[in-house]
Amino acid sequence: MNAAELQNLNDWLIDGGRSATSPTGFMAECCEQMVAAGLPLWRVGVFVRTLHPEIYGRSFIWKPGAEVELGSVDYHILESPDFHTSPLIIVFRQGLEVRARVDDPASRRFPIIEELRAEGVTDYVALPLPFIGGTVNASSWTTRQPGGFTEEQLAALRSLAKPLARVVEILSLSRMAASLLDTYVGNSAGERIMGGQIRRGHTETMNAAIWLSDLRGFTALSDRLPAETVVDILNRYFDCQVSAIKNHGGEVLKYMGDGLLAVFPIDEYVGDEQQVCSRVLEAAHESRASVANLNYPVGDAVERFRFGVALHVGRILYGNIGGGNRLDFTCIGPAVNLAARLEKIASQTRRTIVASEGFAGICRGGWSDLGEFPVAGFAKAARVFGLADETSAAA
């Protein structure tokens with residue numbers, strides 16, 4: 001091995017691997033430098049657990065001459081027999097190194113070793129990547145060198161794993177912060193916060209289509225069903241809307257009990273208003289169908305659900321609002337207030353989807369004029385439109 005190259009690699013890791021522009025780029029450059037220093041690597045994996053409501057962990061797999069493969073697993077991995085027979089579970093749970101030579105009969109207790117044998121692998125070692133906070137993540141290293149890794153090569157891998165763990169931790173924390181912000185405030189808001197928009201009163205105006213919905217009969221539902229059941233129902237109900245909203249360019253800003261507030265930003269160029277509002281209406285149609293198909297068995301009965309959504313378009317104030325150091329990244333303004341009032345009118349008229357005159361005027365066709373309604377807090381009555389294919393009885 002080349003001692004000078006190994007030292008350069010160690011220094012590069014201590015310096016944060018700053019020449020790499022992405023996590024996958026870092027993985028590729030790190031492994032390539034290891035090979036250049038004389039480490040006979042074949043397949044290298046880094047496995048990092050994460051804080052995410054759906055993803056248990058992510059993996060980065062490198063092989064010579066190939067792009068780094070980025071993968072993820074959900075929480076079902078915890079029930080998988082493959083996970084419980086993997087050397088990595090020993091690393092994760094005990095923080096111990098695991099070595100498995102392909103020609104060692106004792107290694108047969110790990111099914112993955114037989115898979116690696118088919119690739120010509122002769123040796124496998126899994127090393128812990130301990131984070132400062134106490135979490136232990138894992139790395140795996142394989143070679144096709146006859147006889148496996150030498151003791152000198154293993155010592156080099158163990159030494160390099162320490163600064164590697166620090167860089168992986170920094171990259172992991174950065175991604176985790178972005179993931180948590182995306183989960184709790186939304187992607188666009190999360191990007192703004194990560195970009196430094198964190199001071200109270202730091203806001204901007206934007207033109208957007210506004211979506212405000214709620215579940216019909218939620219108060220009565222909460223009163224007669226156990227709290228755990230109500231939470232499960234709400235999660236399934238929100239699933240009926242969130243995927244449709246996100247797939248059509250919207251962002252969920254807030255859940256308020258059974259209520260949901262989402263916005264669909266509109267860029268300032270000709271024709272975009274009509275395109276965005278059309279996508280919003282498509283999302284509303286999809287959500288209506290999903291909620292209509294939602295049923296929940298409770299004892300001998302089956303619960304069926306109805307919801308209402310109000311659609312409006314206008315300028316909103318978008319940003320940090322709150323008291324002291326407890327802030328909320330949300331939107332306010334007369335347009336949001338009107339959407340909230342329209343949602344109440346949807347309930348009064350027993351309609352599923354209603355729209356303001358402004359929204360219906362942009363997204364023309366398929367609307368029925370429901371008339372003018374007084375709106376609390378507004379000097380003028382609002383003209384409200386419902387879908388022509390929907391009657392109050394059907395809602």
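Residues numbered from 1 in each chain as written. Predicted model: local features only at pLDDT ≥ 70, side-chain atom pairs only at ≥ 80, totals over all residues. Heavy atoms only, no water.

A. Region of interest: the packing of helix 2 (residues 23-36) against helix 6 (residues 151-185). Two elements in contact, helix 2 and helix 6, have axes whose closest approach is 11 Å; the angle formed by their N-to-C orientations is 170°. By the angle between their directions, the pair helix 2 and helix 6 is classed as roughly antiparallel. Between helix 2 and helix 6, the contacting residues are Pro23, Phe26, Cys30 and Met34 on the first element and Leu160, Leu164, Val167 and Leu171 on the second. Broken down by class, the residue content of the contact of helix 2 with helix 6 amounts to 8 nonpolar, no polar and no charged. (Axes fitted to C-alpha atoms, helices over the stretch in contact; angles between N-to-C directions. Helix = DSSP H or I, 4+ residues; strand = E, 2+ residues; numbered from the N terminus. Parallel < 35°, antiparallel > 145°, perpendicular 65-115°, else oblique. Contact = heavy atoms within 4.5 Å. Nonpolar A, V, L, I, M, F, W, Y, C, P; charged D, E, K, R; others polar.)

B. Quick peek at helix 7 (residues 187-194). Turning to helix 7, its buried residues number three or more, namely Ser188, Ala189, Gly190 and Ile193. Buried residues belonging to helix 7 abut helix 6, strand 8 (251-256), strand 12 (307-323) and strand 13 (326-332). Two residues or fewer past helix 7, Gly196 is found with a positive phi of approximately 105°. (Buried < 20%, exposed > 50% of the residue type's maximum accessible area, 1.4 Å probe, protein only.)

C. Region of the structure containing the pattern of salt bridges. As enumerated under the stated definition, the model contains 16 salt bridges in all. The salt bridge partner of Arg236 is Asp232, with a shortest N-O separation of 3.3 Å. Residue Arg236 and its partner Asp232 are both found in helix 9 (residues 227-247); the two are separated by 4 residues, about one turn of the helix. Classification of Arg236 as partly exposed rests on a relative accessible area of 36%. (Salt bridge = Lys/Arg side-chain N within 4 Å of Asp/Glu carboxyl O.)

D. Representation of the layout of surface pockets. Each pocket or cavity is described by its volume, and for the largest pocket that value is around 1,200 Å³. Elements with a minimum of two residues in the lining of the largest pocket: helix 6, helix 7, helix 9, strand 8 and strand 13. The residue inventory of the lining of the largest pocket, partitioned by class, reads 15 nonpolar, 9 polar and 8 charged. In this structure, the second largest pocket encloses a volume near 680 Å³. What lines the second largest pocket is a set of 26 residues, among which Phe47, Val73, Ile77, Ser86 and Leu88 lie closest to the centre. When residues of the lining of the second largest pocket are traced back to their parent elements, those giving at least two are strand 1 (44-49), strand 2 (55-62), strand 3 (69-74), helix 3 (81-84), helix 4 (87-94) and helix 5 (111-118). Class assignment for the residues of the lining of the second largest pocket results in 13 nonpolar, 7 polar and 6 charged. (1 Å grid on protein atoms, 1.4 Å probe; cavity = no way out; pocket = protein on both sides within 12 Å on 5 of 7 lines; lining within 4 Å. Points joined across faces, edges and corners; volume = space filled by probe spheres on them.)

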